[in-house]
Amino acid sequence: PPPPPPPPPPPPPPAAAAPPEEEDARPFVVRWWKSILFWSFVASWAYSLIQQNRSRRGLDEEEERVRACAPVNADEILELRALNDVSSDTLATLADVAGAGARHDGA
């Protein structure tokens, strides 16, 4: 008959209990300086993106406002050029002429 199998090896002795970890008494900033530095960079980058977006949006709105006031076609450009050719004295009297016309219409 075959020999019986050998008995299982005995269990290893229990490991020595690890000494309790000492509480870290260093200040928070000293313990977490890498995390603080990393999140400071991330926060400043995000803030700069937000400010850049606000600034860009303001510039776009200003461009749209200017574009809405700009002459649309060649006729309007010619009219504006004609106004620029009029002397300042003539332009000053235009309000009086327009006002006089309104008084005659209302009477």
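Along each chain, the written sequence defines residue order, and numbers are assigned to residues from 1. Only residues with pLDDT of at least 70 get local features here, since the model is predicted, and only at 80 or more are side-chain atom pairs given and counted; chain-wide, interface and lining totals rely on the full set of residues. The side-chain numbers reported here are obtained from all heavy atoms of the structure, hydrogens and water having been left aside.

**Re helix H3 (residues 74-85)**
One turn of an α-helix holds 3.6 residues; hence residues three or four places apart share an orientation.
Phase 1: Between its terminal C-alpha atoms H3 stretches 17 Å, which fits the 16 Å expected from 12 residues at 1.5 Å a residue.
Phase 2: Note on classification: 1.4 Å probe, protein chains only; a residue is buried when its accessible area is under 20% of the maximum for its type, exposed when over 50%, partly exposed between these limits. Helix and strand assignments follow DSSP, with helices taken as H or I runs no shorter than four residues and strands as E runs no shorter than two, numbered in order from the N terminus. Burial analysis of H3 places just 0 of its 12 residues in the buried class, which makes it a mostly uncovered element.
Phase 3: Whenever a nitrogen or oxygen atom comes within 3.5 Å of another N or O atom, the pair is scored as a polar contact, on the condition that within protein one atom can donate a hydrogen and the other can accept it, and that pairs from neighbouring residues in sequence are kept only if both atoms are in side chains. The backbone nitrogen of Asp-75 lies 3.3 Å from a side-chain oxygen of the residue at the head of H3, namely Asn-73. A helix is expected to span 1.5 Å for every residue after the first.

**What about the pattern of salt bridges?**
Two side chains carrying opposite charge are able to pair once their charged atoms lie near each other.
Phase 1: Criterion for a salt bridge: a side-chain nitrogen of Lys or Arg within 4 Å of a carboxyl oxygen of Asp or Glu. Under the counting rule described, the total for this entry stands at 5 salt bridges.
Phase 2: Asp-24 serves as the salt-bridge partner of Arg-26, at 2.8 Å between the closest nitrogen and oxygen.
Phase 3: With a closest N to O distance of 2.8 Å, Arg-67 and Glu-64 form a salt bridge. In this pair, Arg-67 and Glu-64 both sit in helix H2 (residues 33-69), 3 residues apart, roughly one turn of the helix.
Phase 4: Among the residues examined, Glu-64 registers a relative accessible area of 47% and is labelled partly exposed.
Phase 5: Connected through shared salt-bridge partners, Arg-56, Asp-60 and Glu-63 make up one network.

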